[in-house]
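Structural description and commentary
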Amino acid sequence: MKIHEKYMLRCIQLAKNGLGTTYPNPLVGSVVVQNDKIIGEGWHYKAGLAHAEVNAIASVSETSLLKEATIYVSLEPCSHFGKTPPCADLIIKSGIKKVVVGSLDPNPKVAGRGIKRLMDAGCEVIVGVLGEECNELNKRFFTFHQKRRPYIFLKWAQTADGFIAPKEDVRNQTKPVWITNKFSRQLVHKMRSEEHAILVGTTTVLHDNPSLTVREWAGENPTRIVIDKSLRIPQDFSVFDASAQTIIFNEKEMGTSENLEFEKINFSGPLPQQICEALLRRNIQSVIIEGGAQTLQTFIDANLWDEALVFKGISNFGQGVKGPDFKGVFISEEKIKDDTLQIFKNPNS
């Protein structure tokens, strides 16, 4: 492995510590290297707090070494005043003369300006080290700024014979009907803690009364998004409790009450596109579509999805609700005890 790649890989590892807490900011890691030794490192913890470069430079105990050091950062240093001062200015002020960057920032407020500021100040700047890996790290942030919509995960569990729910009479007798094991369910809660929002349709809520919160993992609850055209879901259901911000897309009501927000949309028009536009306005960068079958298929048919996370259990239903029909590029497979998690990417996204 080349020397620059070794340190950029460390930046990526550090950046992942912020997954789920930095929204709407990107994931960024940084290391300061002097004489082939890491003398400082840091990552961005949370929006409004210091950026990765600030934390990395602050962690250097002998500041006199900075003039001989190289700083590595997974994403282009910012050049504008937001909630914190520009990182490019701090790097220049610190005396660091060499900067290695993984990927350029797609945010129009940055977009090459950070690199230019560093170069104008006499810094040597190298761009594109582990660029693909750094782009993948911030796939949510990049999709949000480049495609003007959230990064969309489809997630469902299906039986060995391809059903995501049993037939109606069985489903009504047993709530909920678990297809996967407790380890898979814990992993789902970890996934929830990492994403900005989670979305379900009316049928899923009426059948399962889900909380859509993070309970079997440490982390923040995602924003809950519920599609409820005619507002049929009873107000005492879990999605209306105070545990998370909740948006209800419907055709009857507009308004906000405490953690609840009702937004009217046109159910005669394209729902996924309208929902994506509404989430863009709220700076929501990622969403997990958890179902049910009709909701998942609606996003698939609109070609508005990026990854499909398919959990497969070992049971068979024989009949019931079939899993969604989709075409994806197989990425990976992971065993979770007796279950299997398969990940697919949308070849057209």
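Computed from a predicted structure; not experimentally measured.

The subject of this paragraph is the overall build of the chain. Counting secondary structure elements, the chain contains 11 helices and 17 strands. In summary, the chain has a C-alpha radius of gyration of 23 Å against a globular reference of 20 Å for 349 residues, a match within 12%. In terms of principal-axis extent, the alpha carbons of the chain reach across some 70 × 45 × 35 Å. Per-residue burial over the chain gives 53% buried out of 349 residues. In the chain, the 42 positive side-chain charges and the 40 negative ones have mean positions that sit 1 Å from each other.

Once that is clear, we can look at the pattern of salt bridges. Under the defined criterion, the tally for this structure stands at 17 salt bridges. A salt bridge links D36 to K6; the shortest N-O distance between them is 4.0 Å. Here D36 is found in the loop between β1 (29-33) and β2 (38-43), whereas its partner K6 is found in helix α1 (residues 3-15), with 30 residues between them in sequence. Across the pair K139 and E136 runs a salt bridge whose closest N-O atoms are separated by 3.3 Å. Here K139 falls in the buried class, since its relative accessible area comes to 15%. Taken together, the shared-partner salt bridges connect E136, K139, E307 and K345 into one network.

The pairing of strands in a sheet happens through backbone hydrogen bonds and is either parallel or antiparallel. Strand order in the open sheet formed by five strands is β2-β1-β3-β4-β5, with mixed pairing between adjacent strands. Edge positions in the sheet fall to β2 and β5 (124-127), since each of these pairs with one other strand and no more. Direction aside, the axes of adjacent strands within the sheet are offset by 15° on average. Alignment of strand β3 (residues 70-75) against strand β4 (residues 98-103), held across five bridges, turns out to be parallel. Pairing of T70 across the sheet is with K98, part of β4. On the sheet, helix α4 (residues 113-120) packs against β4 and β5 and is oriented at approximately 150° with respect to β5.

By size, the foremost hydrophobic cluster in this structure holds 29 residues, and its most contacted members are I152 and L154. Those elements giving two or more residues to this core turn out to be β6 (151-158), β8 (197-201), β9 (223-227), β10 (246-250), α10 (271-281), β13 (286-291), α11 (293-301) and β14 (307-312). When residues in this core are grouped by element, the largest group, five residues, is from α10. With residues up to four places along the chain from it excluded, the contact list for L154 reads I289, L296, F299, I300, W305, E307, A308 and L309. Of all hydrophobic cores here, the second largest spans 24 residues; its members include V28, L65, V73 and L118.

Spatially, 10 strands are ordered β11-β12-β10-β9-β8-β13-β6-β14-β17-β16 in an open sheet, and the strand pairing comes out mixed. What marks the edges here is a single partner per strand, and that holds for β11 (255-257) and β16 (329-336). Pairs of neighbouring strands in the sheet enclose a mean axial angle of 20°, with direction left out of account. In the sheet, β14 pairs with strand β17 (residues 339-345) via six bridges, with the strands oriented antiparallel. Bridge pairing in β17 links F311 to L341. Sheet strands in contact with α10 are β6, β8, β9, β10, β12 (260-264) and β13, and its direction is about 145° off that of β10. The sheet contacts of α11 involve β6, β8, β9 and β13, and relative to β6 the element is tilted by about 140°.

Along an α-helix, residues three or four positions apart point the same way, because every turn accommodates 3.6 residues. Taken together, the buried positions of helix α3 (residues 87-94) are C87, A88, I91 and S94. Buried residues of α3 fall within an arc of 130° about the axis and therefore sit on the same side. Residues of α3 that are buried make contact with α2 (52-58), β3, β4 and α4. G95 occupies a position one or two residues after α3 and carries a positive phi of about 95°.

Attention now moves to the environment of E76. The topology assignment puts E76 in the loop between β3 and α3. With relative accessibility at 3%, the residue E76 sits in the buried group. Put simply, E76 and N316 are 240 residues apart on the chain and 50 Å apart in space, counted from C-alpha to C-alpha. Not counting the four nearest positions on each side in its chain, E76 is found in contact with V101, S103, L104, D105, V110, A111, G112, R113, G114 and I115.

Analysis parameters
Residues numbered from 1 in each chain as written. Predicted model: local features only at pLDDT ≥ 70, side-chain atom pairs only at ≥ 80, totals over all residues. Heavy atoms only, no water. Helix = DSSP H or I, 4+ residues; strand = E, 2+ residues; numbered from the N terminus. Rg over C-alpha atoms; globule rule 2.2 N^0.38 Å. Buried < 20%, exposed > 50% of the residue type's maximum accessible area, 1.4 Å probe, protein only. Lys, Arg positive; Asp, Glu negative; His and termini not counted. Charge placed at Lys NZ, Arg CZ, Asp CG, Glu CD. Salt bridge = Lys/Arg side-chain N within 4 Å of Asp/Glu carboxyl O. Pairing = 2+ DSSP bridges. Axes fitted to C-alpha atoms, helices over the stretch in contact; angles between N-to-C directions. Contact = heavy atoms within 4.5 Å. Core = buried A, V, L, I, M, F, W, Y, C linked by side-chain atoms within 4.5 Å. Arc of directions from axis to C-beta.

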